[in-house]
Every structure is written in structure tokens, then in C-alpha cells.
Amino acid sequence: METELTVRPKWRRASLGFSLLLVLCCFHAAEPDITCRSCQPGNKWRAQELLLKSDTSGPATGLRGEVWGTGPAAGAEAGRSETESRRLGCAGGSTECARDLDPESEPEPRRNTDALHENELTEGKVSEMSPGPGSANRDRRRARRTVGSAQNQDPGERSSPAAARRVTRSELRWSGEERRAAGPRQEELKLNSSTFALTGDSSHNQAMVHWSGQNSSVILMLTKLFDFNLNSVTESSLWRSTDYGATYQKLNDKVGVKTILSYLYVSPNNKRKIMLLTDPEVESSLLISTDEGATYQKYRLNFYILSLLFHPEQEDWILAYSHDQKLYSSVEFGRRWQLVHERVAPNRFYWSKMGLDKEPGLIHLETSISEGQALYVTCKLQNCTDANKGKPFPGYIDPNSLVVQDEYVFVQVTTAGKPIYYVSARRDVFTPMKLPKYTLPKDLHVISTDENRVVAAVQEWNQNETYNLYVSDTSGVFYTLALENVVSSMGPEGNVMVDLYEVAGIKGMFLANKKTDNQVKTYITYNRGRDWRLLQAPSRDLRGGGIHCALPYCSLHLHLHVSANPYTSGNIASRDSAPGIIVASGSIGSELTASNVSIFITSDAGNTWRQIFDEEYAVLYLDQGGALVAIRHTPLPIRHLWLSFDEGRQWNKYSFTNTPLFVDGVLGEPGEETLIMTIFGHVSHRSEWQLVKIDFRSIFNRRCTEADYQTWHLHNQGEPCLMGVKRIYQKLKPTSRCVMGKTYSVTMTSGPCDCTEADFECDYGYERRSDGRCTPAFWFHPSSMSRSCTTGMTFLNSTGYRKVVSNNCTAGVSVEYTARRQQCPVQAPKGLHLVTSEGTLTATLSTNVTFLVFLEEGDGARTSITLDFGDGHALTYSNVSSIEDGIKHVYKSVGIYRVTATGENSLGSETATLFLHVTCQLEYIHLSAPFVAVRNKEVNLTAVLWPSQVGTVTYIWWIGNNTEPVITLEGSVACTFSREGTSTVTVQVSAGNTILQDRKTIAVHEYFRSHLLAFSSNLDDHNPDVSEWRLDVSRVIKNALIQATGVPEEQLLVTVLAGLPSAAELFLLPDKLLTEGKADKSAAHLDQLSEALLTALNQNLVQFTLRPGVQVTVYAAHLSAAPLVDTSENHSGSAMLMLLSVVVVGLAVFVIYKFKRKIPGLNVYAQMQNEKEQEMMSPADPTEAPPPGSQRDLVHSLEILDTEFNSRPIGCMKPHVHVKFSTELPTYIV
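What counts and what doesn't
- Residues numbered from 1 in each chain as written.
- Predicted model: local features only at pLDDT ≥ 70, side-chain atom pairs only at ≥ 80, totals over all residues.
- Heavy atoms only, no water.
- Helix = DSSP H or I, 4+ residues; strand = E, 2+ residues; numbered from the N terminus.
- Buried < 20%, exposed > 50% of the residue type's maximum accessible area, 1.4 Å probe, protein only.
- Contact = heavy atoms within 4.5 Å.
- Areas by Shrake-Rupley, 256 points an atom, 1.4 Å probe, with all protein chains shown as cover.
- Pairing = 2+ DSSP bridges.
- Axes fitted to C-alpha atoms, helices over the stretch in contact; angles between N-to-C directions.
- Phe/Tyr/Trp six-rings, centres within 6.5 Å; stacked < 30°, edge-to-face > 60°.
- Lys NZ or Arg CZ within 6 Å of the ring centre and 35° of its normal.
- Core = buried A, V, L, I, M, F, W, Y, C linked by side-chain atoms within 4.5 Å.
- Domains from an automatic or database assignment.
- Salt bridge = Lys/Arg side-chain N within 4 Å of Asp/Glu carboxyl O.
- Patch = residues over 30% accessible without salt bridge, like charges linked within 9 Å, V, L, I, M, F, W, Y side chains within 5 Å.
- Disulfide = S-S within 2.5 Å.
- Polar contact = N/O pair within 3.5 Å; in protein donor to acceptor, adjacent residues only side chain to side chain.

- For the protein chain, the name recorded in an unreviewed UniProt entry is VPS10 domain-containing receptor SorCS2, with Parambassis ranga as its organism.

Considering the overall build of the protein chain
Here is step 1 of the chain: When its secondary structure is counted, the protein chain shows 11 helices and 75 strands.
Here is step 2 of the chain: Split into buried and exposed, the 1230 residues of the protein chain put 57% on the buried side.
Here is step 3 of the chain: Of the contacts formed within the protein chain by residues at least 6 apart in sequence, a portion of 65% connects residues at least 24 apart.
Here is step 4 of the chain: Summed over all atoms, the accessible surface of the protein chain reaches about 50100 Å², with 51% contributed by carbon and sulfur.

Focus on the sheet that holds strand 54 (residues 830-836)
Here is step 1 of the chain: What the three strands build is an open sheet, ordered 54-56-59; its pairing is antiparallel. Strand pairing shows two members of the sheet lacking a second neighbour, strand 54 and strand 59 (887-890), which therefore form its edges. Averaged over neighbouring strand pairs, the angle between their axes works out to 25 degrees when direction is ignored.

A word on the packing of aromatic side chains
Here is step 1 of the chain: Within the structure shown, the criterion is met by 32 aromatic pairs.
Here is step 2 of the chain: Each ring, one from F226 and one from F228, has its centre 5.0 Å from the other, and the planes form 65 degrees; the classification is edge-to-face. Each of the two residues, F226 as well as F228, counts as buried.
Here is step 3 of the chain: An aromatic cluster is built from F478, Y764, Y766, W779 and F780, whose rings are joined through pairwise contacts.
Here is step 4 of the chain: Stacked on the ring of W712, the Lys or Arg K731 has its end atom at 4.7 Å from the ring centre.
Here is step 5 of the chain: The ring of F645 is capped by R737, whose NZ or CZ atom sits 4.0 Å from the centre of that ring.

Section: the nonpolar core
Here is step 1 of the chain: L834, F851, Y891, L916, L941, W957 and F977 are the most contacted members of the largest nonpolar core, which has 47 residues in total.
Here is step 2 of the chain: Viewed by domain, this core spans two of them, domain 4 (830-915) and domain 5 (924-1005), each represented by three or more residues.
Here is step 3 of the chain: For L941, the contacting residues outside a window of four places in its chain are L927, S928, A929, P930, W957, I959, G971, S972, V973, C975, V985 and I1002.
Here is step 4 of the chain: Core analysis: the second largest hydrophobic core is formed by 29 residues, L220, M275, F303 and I305 among them.

Quick notes on the pairing of strand 30 (residues 519-525)
The side chains of a regular strand alternate between both faces of the sheet.
Here is step 1 of the chain: In terms of residue burial, strand 30 counts as a mostly covered element, since six of its seven residues are buried.
Here is step 2 of the chain: One ladder, built from seven bridges, connects strand 29 (residues 510-516) with strand 30; its direction is antiparallel. Looking across to strand 30, one finds that K514 is bridged to K521.
Here is step 3 of the chain: Counted between consecutive antiparallel strands, the loop separating strand 29 from strand 30 contains two residues, among which D517 sits at a positive phi close to 55 degrees.
Here is step 4 of the chain: When strand 30 meets strand 31 (residues 533-534), the two strands line up antiparallel, connected through two bridges. Pairing of Y523 across the sheet is with L534, part of strand 31.

Comments concerning the pattern of salt bridges
Here is step 1 of the chain: Summed over the entire model, instances satisfying the criterion amount to 31 salt bridges.
Here is step 2 of the chain: The shortest N-O distance in the salt bridge between R649 and E647 comes to 3.3 Å.
Here is step 3 of the chain: Here E1006 makes a salt bridge to R935, at a shortest N to O gap of 2.7 Å. Of this pair, E1006 sits in the loop between strand 69 (994-1005) and strand 70 (1009-1015) while R935 sits in the loop between strand 63 (932-934) and strand 64 (939-946); the two residues are 71 residues apart in sequence, bridging distant segments of the chain.
Here is step 4 of the chain: Via salt bridges that share partners, R530, D531, E757 and R768 belong to a single interconnected network.

A closer look at a nonpolar patch on the surface
Here is step 1 of the chain: A cluster of nonpolar side chains, contributed by Y438, L440, W461 and F778, occupies part of the molecular surface with about 520 Å² of accessible area.
Here is step 2 of the chain: Mapped onto the fold, Y438 is located in the loop between strand 23 (431-432) and strand 24 (441-448).

So, the state of the cysteines
Here is step 1 of the chain: According to the stated counting rule, one finds six disulfides in the structure shown.
Here is step 2 of the chain: Sulfur-sulfur distance for the disulfide between C549 and C554 comes to 1.9 Å. On the S-S bond that ties C549 to C554, the torsion sits near -105 degrees, and the link is left-handed.
Here is step 3 of the chain: Owing to a relative accessible area of 10%, C549 belongs among the buried residues under this scheme.
Here is step 4 of the chain: At a sulfur-sulfur separation of 2.0 Å, the disulfide partner of C762 is C774. The S-S bond linking C762 to C774 shows a torsion near -85 degrees; that makes this disulfide left-handed. Taken together, the residues span a long stretch of sequence, with C762 in strand 48 (residues 760-762) and C774 in strand 50 (residues 774-776) at a distance of 12 residues.

A look at the environment of H682
Here is step 1 of the chain: Mapped onto the secondary structure, H682 falls in strand 42 (residues 676-682).
Here is step 2 of the chain: Given a relative accessible area of 2%, H682 falls into the buried group.
Here is step 3 of the chain: A sequence separation of 45 residues divides H682 from P637, and the C-alpha atoms of the two residues are 8.7 Å apart.
Here is step 4 of the chain: Side chain to side chain, H682 and D664 meet in a polar contact 3.2 Å long.

Brief notes about unusual backbone geometry
Here is step 1 of the chain: Cis rather than trans, the peptide bond between L551 and P552 has omega equal to 0 degrees.
Here is step 2 of the chain: Within the fold, P552 resides in the loop between strand 31 and strand 32 (555-558).
Here is step 3 of the chain: Cis rather than trans, the peptide bond between L1060 and P1061 has omega equal to -5 degrees.
Here is step 4 of the chain: With respect to the helices and strands, P1061 occurs in the loop between strand 71 (1052-1056) and strand 72 (1063-1068).
Here is step 5 of the chain: Residue D406 is not a glycine yet carries a positive backbone phi of 55 degrees.

What follows is the structure, encoded as C-alpha cells:
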């Protein structure tokens, strides 16, 4: 669940091409994965910083996304000069101000707007989400340079650049009235401006600008040369202006001539505090200024900063995220740093919010536990120890899913491949978010949490390119559909954006692009999505000609991409200080198109629209919306801009420089007033930066008075009651040409309205029918009760409607539609859910398992809960609320447990069951197989596990040259070998996430004889029981047998068996040359050799010297430990063969009895009470090894071994310490 809260700077490198790219400069780096065009209050602090980027070296990859921030500043420096107060001779409204089309503007070549400015100013309230670190690729503009800047934001919010929609422009045309006003060429109107060149920085291709604003005349500019081959900054210059940008001073000597700077930060709470970071490729340090960049102090860092997050209120509190996933904090504005936490997820850390969290120094963060698992924890700023950590969510969450936004916290937990989204309102307990039952989301993002409700964009199971918008109640739990099939697109950073725009200054007003029948249409709502309608197209075009566009077949459609670059207006813009005025690009017709795009404006909040340009212009607000300025988007140099003082009805042309300039962008003075602007550009492709300061104050005659304002009634097609009130605004008269100034504030009076059906939306579980009524969905039971409803208390029984959030209507139909408070009835429990906190069906032996129990319906306070863990233990709780934090239990044995939760009260009961697989780590396996097998005779293969009980196990057998494996749930298989020679058997054992294997080689022959060999007891004293020793001793025994009996070497195979006491296996193989094709002769020959060997062994003729003074005698044992087989075809009546047959049967029974074990996987231990009691009483630790030196005393016979083995408790049990296995090939000697 990717959502957007704050924006932190991502210092990542993205490709620039041949362009100068703008990157949004804020305080935080963008992180979530979806962008509402405008949903969050992102304009609390205005754009004051910019990032200019150019590249003359050609395309390259690797741009670092830079984020900056600004805030109020104190201590203004030099005042405005007299030249700044001079007025031009053009009075407002005079005929001398009528513009003329000079040769510069004609002809105007069309250009593909794919070259449009990439990051433009975010207007209105914007909520943006991007994919996290690693996605910093941005759109490119094919001009040499593009200028961009930062919008100051609340540090508790995040934003990322929004991709501007590229459209094709037509030639500039004016209305018939304007053309009539254009007479003979008149004297050119000029603006009060000054130009400053950044001498010596012509090679620099990146720049960042910070304008303090708020009565401060200080502007800081950092220019850099970014080497795309080295992928680092190689040069930098720091410039400072104290006269609103008229002149600049170079400060390289104050920060260090050899110091290379990379980034610039400003405290959002004190604009006088500046922070500069050096390029980490050279050194890791920062420079701090407390006097608006006049002087600096340098501090070394022992880590690389990837992103910063400033506290929303404490000016010196900062969180820093490092390249190695560590989070640091500073309470001294970066002078000292302290480690907060390790393994923190990128961009998943948040400051506490006053009034919601217990203390201001609390940090919300997501920490990685393992791949696929994370934890949500809270920490104290200066004391983040395990004892002080909080865990608001009981259990693991999905990685990169924590979002803390306003009063809500969201996490995601995936269970059995299905995501479950949880929400906590006002830091209360987490509750699953409830969408309509069959929504079945493939993707969900929270895009807005303002006004005490959640707006979520959900991509449902049958959607690919669109999202449905859902709105919640104040708890953030219950959601209803607001609009279907909203268009989405991929943003410049790989983030998904939905075409939803919240209009600034008008509460409850949104614009959205909806896809219907493969056509994209723009809709508008005035009541937070309760009702939507199409936009009425303008009645006339620029030439005054009529436009015939009848609803619903034809309407106005707008591009709702929001500008992230304050130098350009973006595709749509609105201001809190200018309610009702919206400027946007779009088209007229049956659907939204990318061609024939014009610029439109509305002065009455979307009721009527006018066309103001039929090509691409950037339109910016001056004097809190009292004037508009337009700058043409063109790849050609320009020196003019256009001004309108009557909400875009008339435009006047002004020159801002004598020399045409390639305009890279425009930066306005911070705040809503914006009477001073700086245009950034260059005279030629190789020239230095040209900074043109424009003072618009000189074109205004006077300060506005009360007589310059008029009343404006907000309405929706004549309906004045919107969101339950009538709103009347004071707006500047179109004929008034005066300065509103910084003291101006929007004046609005309101009066309540009677409630109507339009003030209510459908409640959760209800759907709106064609007649407008809300009726229950087929899956919803209106009588269902909240689990928090307690007998004796009251609850709100829904009428199927709920009032739209923030709607202030009164009386009217309020009583009829408002939920009615009723007494909570006694109700049997219903909808009991049992899950683990991790959302899995597996648990590890001897570790805590947390079970969560939820009750959908019933009296939770009077419903007892009994939880049977399935291992003989059970707990009972008096009510559901007492187990909201979960129930912990530790399992001591491996197995599959039936866990049952039962909720019961006086009216009934409800049961939920969960089958939990308790496992432990598989450490080692051994393949037990015969060393020699008879062709076409069945042999047994057994996989021995260590520990013997690890849970559900799958065995994969690769036998001989078979191309397909044999897969079993049993640890043993029987097989035959049809060819003589050697065959390889491999077994793989899969337990949980672990797969181990062992391999053995088996010699296959038509006939063979075998005997078990024993040794004199002195051999045990020198037996280290390692495979190499057994291999060497096997070779020595074989040589001793050959010397004593004369048996040919190729017919003899000897292998020393693992373990103590020492034993070996002797195999007699047929002589192929002597007995080929003669079965009887072969059997007789082997019998003769066997008699000779037994005679030599019984006469103690087989001896060998292990070391000087250690003579070992080899004997023939009574039993053979090998899986003996009948090697004859006619079953001779030999007494020896009969004896061997008896031995085979006896040995099989012996092995099964003595070495029996449980096959893991299918045992349910719910009723193994006796064995559990044995476990709890056993003082022995099954993993504890016996003391050194006691091995031979512990095991002297198979009976003692059996006793030891069976006394161990069932569970994660290791084999006896004396029984060792080898993963190597068999150590037989041939």
C-alpha cells in the first residue's frame, strides 16, 4: 500500500540529456507510489527555491533528485531601491497599453510540446507518491536549459514532480476585440527590470536557488558543474543577493575555495538558517549559516546523507537518512548527530504530530527484519533503546507499507497472497480497512487524508489503466465509492498518478478525468465527490466566433497535471488567495485530446469558461491573483510577456529585457503577493546565466481600497448551497488596477443551508441506484452490528446515508437521513476471525507466536474467548477487548497444530480454526543406501534428517539416469537397477525455505556375497570416526584379506562403517571373465571364496598393524549390517542360505523397531497429552551434547543406543552424538 505523506530529498542521479532539467526542491524525498493531482495542502509555503539544470555534453544517466525547503524569514536586509519604485508611463486601462504584435511574435513556429518544461509549480493541494529510492528518472526538455524550483511545503507532507502533459500549440491569436484595439504600432511598454550575469559559471549546468521572501531581500544561488562521465559534481559556486536579485556576490571564499557543494537546505521554520552539503565523492561535511547565508561554519560527517526530514515546528530538529539504511537525528541543526536506528526503510520515517502523539520528539519508522518482513516502531528522538521502543502494530508488516499522514497511520499485511490494509485513526488500535466486499483490490493507495477523512485510489481486479476513488468516514475504516475509472498515468519518477485535482480556495471542489467507453472526459464536483458533472464549454472562441458544443456529447476537458515547477504554470493552477479563478490547458470536444490544446480560464469556479490562448503559455498569479502574467512556451529567444488585470479578459504586452533571452523559467517572490519575479535564461547556448529581476509594482497606480472590491456568490449552476452553506467572497473588480498587498486576505461570509438529500452520500454497504436512492448492496446485511457495540450502550444504526465530511448543513432532512442512535442489543457472536500477527500459517519452534482474534458482530464486552493452541494448552478471556494486543504462545514440538478460537455468550457461540505448521530448521540430511545391489532386485533408500522432526517435508529422488525425479512425502523409497555397474542416487529434502541434498553411489552386480566384519577392541581406541580414516583403514583391511586368502583384488570390496564400535562390511563380487553367462558357476565360485574368507577370519589369519605396537585382528561377525539379498535364482537348500534368510527377516524387524522415527508432515498433536507431559517433565535438553570423553561409556551396544534414543522428547531432536553421517561418496575399496 503505497501512500504519500511527506517529501524527502532523494539524492539520486537521473539522466539529463541535452537539457537543463528542473528538479523539485523541497524538504523531503518523495516516496509513495501514486499521485493525486492535487489533494494535499502542498502550498503552505510558496516556491522560493529552484534547480536549474543544463547539460552540453549529451545524454547521460544519473541525476540526483534534489529537494529543498523554505519558510518564513526574519531580518530583511537592504530595502528596495528608488529605481524599484519607479512607475512606467502606461496607466491601467489606457489605450496606450493596448498590445501590438511586433515582428518578434510573428511568425510563431509550432513546436512539439513534448519539449515542455518538465517540473512545474504544484498548485492547489497536492498529494504525491513516488516509488522510493531508485526511481529518479525525469522527463527531458530538448532546449539547452530548463529551470525549476522548489515549493515550500509542510515538512509533514511530501510531493514529487508531476509530469506535464505534452500538447501541440497553434499560432497565437487574439479575440476580435483585441484585434480591433490593435492600431498603428505604439511605443513599447516596458517593465522595471535589471539583469545580472553569473560571470565565470558558463560551464555550470546545474543551479539551485533559494529566495527567503517574507520581507527578506536575500536570494541564494548554488551553481554546479555535473560531470556525467564521473557521475559527480566537479565544480560549484555559491552566489548571494541582498537586493532582491538585482546584483549577486560570489561566496566561494567564505565556504572554501576548494569546497565542492552539492545541495542547499533551509529550515522551514527559520529562513535565516541555511545548510549546505558538500559532494560526498570528495568529502562528507556540511556548512551551516544562521544569518541567511552571509557566514558559514563547517562540520565533518561520518556518514553520507541521502535525505533530510525537518521537524514541522522545531527549527533545529532534523532526521537524516544515510546510504547504509541508518537513521540519524540532530537537535542542533546538524552540528551534532546521534544514531537513532539501523535498517530503516527508505522514506518510511516520520515526525510525531502535536495533539496526536504523546511527545513531540517521537519518531515513527519502519525497520526491516528480513526479506518480506518489517516492523512498525516508534522511538524517542534522543533515546531509541529497545526499552523505549513502541510497537503500535502487533506483528510484522509488509516492507515499504508504513504511512503516517495527518491523524491516520496505514500498514499492509499480506496473508496467503492477499493484502490486508489496516488503519489507525488518532493513534488508536489498528482496524482492517473495509471496502465494498467484492472490490478485490489489486493495488491501493491513500492519496488524501485532509478534512478528517481518507481518499483512496483502488485498482480493482478488472482494471488495468484506471482507478476507482473511495472515500471514508472519519474513522478511516468504512469506504464508499466516489468515482469510477479515474485515469492514471506513469509519472516522471515511475510513480503512478491519478487525474484528480483539488481546487484551491474552494472547499469540496475537485476536478477529475474519467474514462468512459475509451474516452477521457473531465468532471467537476462541488461536494467532495457526492455528485459529478461535465464542464460546459465556452460559448465563443478567441476570434469571437460561436462554439457549438452541447452536453453531454460535447464539453470542455482539461489536462489535470499539476506543475511542480514554479517557473511555469503547469497544465492547471489555482490559488487560495484567488478563489474561483482556475487556469488550465485543455480541449473542446467529445473527449480529452493531446492536440489542438488551448488555455482556458474560469472566474466563477468552473461554471463558465473562457479561452485566453490557443497555444501553450505559462500563466502565473501576481498580487495574490489580482493580476495574471503569461509567458510563451517557445524554443526561441523572447523578450516580452503578457499581463492581465481583469482575470484574463484583456492582455497587455510588456518587454522585460532589451536582448531576447532563451527563457528557462521564472521564480516569483515567496508568498501570495508575488510582485517581484526573476526570469532565468541565457542569451546563447554557451553564454553565462542571465538573471532578470522584474519589479511589477511600478505598473500599479495605487493601493486597493474597499471600493475596488465586489461581492461574488459561489454557486454550482445557480445552486448557492454547496457543502451545506452559502458562501459569498470579496473579489477585486476587473476594472480596478491596484495593489492588494501583503495585508490582503480572502474575505468570505457564509450562511447555513437546510439539509437536502444532496448533502448525504451512501453509507458503507449501500449503493446509489438510478433514482438517487441508497439501497443495501446484495452482499450487505444492514442489521450487522459493530463489534464495539456493548450491551447497555448505544450505537448509530445507519439509514443508508451519511453526511458528506465537512458538510455544514442543518435541519431540513437531517433527521431523516442521519444515523439513529439505538440501544445495543444482546447478540450472538458472529464473524470470528483467527490469524497470526505475521499473517502466516507457519511458526518456528520455541519462539513466540502471536494470535489475533477479531469479532465482526456481537457484544464484544460480554463475549468470552477461548483459544485452544492444539498442544494440550488453552486460555480463556472474559471479553474480546482484553486480547486486542494478541495472545502469545510458544510451541515446544514440531508438528501441525489445530488452533481453535471460540467466542461465546448467552445467545450462542462462534468458532474459528487455524492449522499452524510449527517447524524448525533442517540442518543436515544423510542418504542411507546399500553399497552394493543386485541387478533387478529391489533395494531400499532412506533419507535420515537431522533434526529428525522439522515439520512438513518433501523428498525429491533422482535415481540413476532418470530425467524426472520421484517426489514423495515419505523418507524411504524402493527401487531396482537394471544395469550392472555404478549408479548414483541423489535425494533432495525440502523443508520450509530450506533445501538440502545428499548423494550416494551404488555398485550394481548380478551376484555378490557379503559379510559383517568385527575388530579387536583396541581399534576403537584409535577410531576418530571420520571419513578419511575409514577410507584408509578399509584399504588396509582389503590388503590384509588379499594376503591371507589370495582373493583377486577386483572381486573384493571393503568399507568401514560409521560409528562405534568399529565394524566393516565385506563384499565378494563375481569374476566376470570366469563366470560370464554361467549363473550356477558364478554362485558356486562366490561360495568357495566366501568359505575361504570365513576360514581365514575364524582362524585369526587376517591382521594388520594400525601403528607401531597396535596390532588389530579382523573377525567374522554373526550378523551383517548390510541389506542382504538372495543372490540365487533357484533357492538352493543350503543350510547357510536358510540361515541368511532368517537373518534378513530378523534384521529388518530389528532395524524397524530400534531406529523407528515419525515421518514428518501429517501428525496432528492435538491429543498427544501423554507425550506432552513427558516433554515437560524431561530435564534433558535435546540439543545438549554429552560431556567430552564420555562417548564410549554411553554406548556399548545397540540396546543402550535404543534406550537413549527413545528417552528423548518428541520435537526438534538431533541424532545421538555417537551416530555420525557423511555426505561423501561411500568409502568402499574395490
